[in-house]
Amino acid sequence: MAYPYQIRSLEEYQQQYQQSVMDPEGFWANVADHFYWRRKWDKVLEWNFKEPDVKWFVGGKLNITENCLDRHLGTLGNTPAIIWEPNDPEERHRVITYRDLYNKVCQFANVLKNNGVKKGDRVCIYMGMIPELAIAVLACARIGAVHSVVFGGFSAQSIADRIQDAQASLVITCDGAFRGNKDIPLKSVIDDALIACPSVKKVIVCTRTRTPVSMIKGRDLWWEDEIKQVETMGNPPCPAEEMDAEDMLFILYTSGSTGKPKGVVHTTAGYMVYANYTFVNTFQYQPGEVYFCTADVGWITGHSYIIYGPLSAGATTVMFEGVPTWPDAGRLWSITDKFRVNTLYTAPTAIRSLMGYGLGPVNHKDLSSLKKLGSVGEPINEEAWHWFKDNIGKGRCPIVDTWWQTETGGIMITPIAGITPEKPGYATLPLPGVQPILVDERGQEITGNNVNGNLCIKFPWPGMLRTTYGDHERCRTTYFATYDNLYFTGDGCLRDEDGYYRITGRVDDVLNVSGHRIGTAEVENAINMHAGVVESAVVGYPHDIKGQGIYAFVIAEKMVHDPELSKKDILQTVSRIIGPIAKPDKIQFVSGLPKTRSGKIMRRILRKIAEGEMENLGDTSTLLDPNVVDEIKKGKQ
Ligand code: PRX
């Protein structure tokens, strides 16, 4: 059997789950045994959630790329590792076998070494969805450099913040990126970012769009020229750096309830074992299948389920450069048809937006290869779930609604494809090794079924975050201090009469816009940067396609003469400071915000108004100026 730890039935799920709770160390040691270690661990787990201090596979030595590449060469050398579909359907796709990928990763790893990158150095990657992005990520891992991938939709300011926080010494980017009918000038954004980043000594630029770029002497290098140099050296091999199980693998920045994104840190062995185990089990991957995840590598889903999970399992992973709606809304179905995709893993926001185009783009696409469907990133509404099930899965494919987070490294609560009985809108049951618990505001456990609470995890799992880069205290206060001895997810959750879990959304000031996590404080900070703005308050509201939309209440310095123009200016400012993904959908100018006497903004009231719920605003008598509420209500109507 390809994956001896693959669950084959509901009984096996229950057995594995039981074992993982009774003997977590034995359970994970069994899984970890099926990887390639330079040296096996001395101890499976050491932990406390107080500091927190969590170590998996203590004393183990390995390199994740030996597990993703070298160990497959004998059996899978000629098997496609990555099938790449370009943005423009007229351009040729690329098939990269495991041997090709191995060679390219070693080559680029040598480029990094030639440019002075060493184990432990941080490398920022800001690229479009081309195979070179996966190659860059793996090349970092090969030599033990820590990658920090930044999504191509972030602004220069956001990149600069992330580079400074990580003190990255090298940046890998492209001249530009194609996304739908857009051409995003990545290198020029990097140039703006680097004005404020003295830590960066070198920039490697991969050619993609042929957009004119300015190359700075002594700093900027072409990817292709650097590869040629390695070729002239006779393409020497690049032995993998021996990494400790707990050596840092990557940093990925994500938003929280404060203004500043935090660098979630994942380490080598635990992350690898967890990404692989959850990939193989959730999607019930079988050798030879073609698997397609539509996420961007700029997010955790791309890290775990385009790159590390599938490649460590020797799977064939499809990487798509473009967007689902270009050149038409049938693009995902065309790709499925073209590569005979067996598993399609996408986001509710994509499904909802494609639903809007009706069945025209689906008809005449051969989707008979599909066996399994997946959803991630936000709660999936029943309508979207059924549309996906009926029209894409033709009623015969199970859907896995996978709940997890950047911080969890991999899937936590999910059906196992074809094994767990499914229920629309429910992430259903925890995977083996995951011990969820619901608590009330005071941290008391809520037992039994048919209950609602805050979702926490009470025992470590190998893929969990270890720290937030450069600020361990922040990791403690954000995740481990709300409730004693528990990891707090920030999500609200329901456990129904069958013990199935349904995630109801964030209970903190974090928005989920099209599956992207955005802090309200971050957006407020950006709006407040605009010269004419005195103060702002941002809340989420239900949005048909995005799941949540961003609603901003803004106090302007002077009377706003041309509200439309002022709104455009504010949007421009948010784009500049964070990126287009954080642009508010609605802006309302107000003369005051509902505040308590101590100056705290009553977001609950603003949320209700944004949702259009004008009655039942609750007690407003504690407000400094209750009249402000009426004025805001009027302005909204
Ligand atoms: O609120 C949950 C929501 O997305 C948050 C995590 O966001 P991020 O770290 O960006 O990772 C997204 C991809 C894993 C969670 O706290 N979320 C994620 N998956 C689901 C979900 N909400 C409901 N159902 C899901 N399947």
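Bear in mind the structure is a predicted one, so any value in this text is a computation, not a measurement.

Observations regarding the domain arrangement of the protein
So, step 1. As assigned here, the protein comprises domain 1 (99–244) and domain 2 (510–636).
So, step 2. Here the C-alpha centroids of domain 1 and domain 2 sit 37 Å apart.
So, step 3. Listed as interface residues are six residues of domain 1 and, on the opposing side, seven residues of domain 2.
So, step 4. For the pairing of domain 1 and domain 2, the buried interface totals around 480 Å² over both sides, and the portion due to carbon and sulfur atoms is 56%.
So, step 5. Of the residues belonging to the side of domain 1 that touches domain 2, the class tally is two nonpolar, four polar and no charged.

Things to note about the pairing of strand β7 (residues 146–149)
So, step 1. Taking every second residue as pointing to the same face, both faces of β7 are buried, with Val146 and Ser148 on one and His147 and Val149 on the other.
So, step 2. For strand β6 (residues 122–126) and β7, the ladder comprises four bridges, and the chain directions are parallel. Opposite Cys124, over in β7, you have Ser148 as the bridge partner.
So, step 3. Crossover β6 to β7 through helix α6 (residues 131–143) is right-handed.
So, step 4. Here β7 runs beside strand β14 (residues 248–254); their pairing, made up of two bridges, is parallel.

Side note on the UniProt feature "domain: AMP-binding enzyme C-terminal" (unreviewed entry) in the protein
So, step 1. UniProt tags residues 522–600 as "domain: AMP-binding enzyme C-terminal" (unreviewed entry).
So, step 2. Counted over residues 522–600, helix gives 28% and strand 32%. Its end C-alpha atoms are 17 Å apart.

Notes on unusual backbone geometry
So, step 1. Residue Pro52 follows Glu51 across a cis peptide bond; omega there is -10°.
So, step 2. Among the structural elements, Pro52 can be located in the loop between β1 (43–48) and β2 (53–58).
So, step 3. The peptide bond linking Trp326 to Pro327 adopts the cis configuration, its omega dihedral lying at -5°.
So, step 4. Mapped onto the elements of the fold, Pro327 is located in the loop between β17 (316–320) and α12 (331–339).

Analysis parameters
- Residues numbered from 1 in each chain as written.
- Predicted model: local features only at pLDDT ≥ 70, side-chain atom pairs only at ≥ 80, totals over all residues.
- Heavy atoms only, no water.
- Domains from an automatic or database assignment.
- Contact = heavy atoms within 4.5 Å.
- Buried area = accessible area lost by both parts, 1.4 Å probe.
- Nonpolar A, V, L, I, M, F, W, Y, C, P; charged D, E, K, R; others polar.
- Buried < 20%, exposed > 50% of the residue type's maximum accessible area, 1.4 Å probe, protein only.
- Helix = DSSP H or I, 4+ residues; strand = E, 2+ residues; numbered from the N terminus.
- Pairing = 2+ DSSP bridges.
- Right-handed = clockwise from strand over helix to strand, strands pointing away.
- UniProt positions renumbered as here; feature names shortened; annotations may be inferred.

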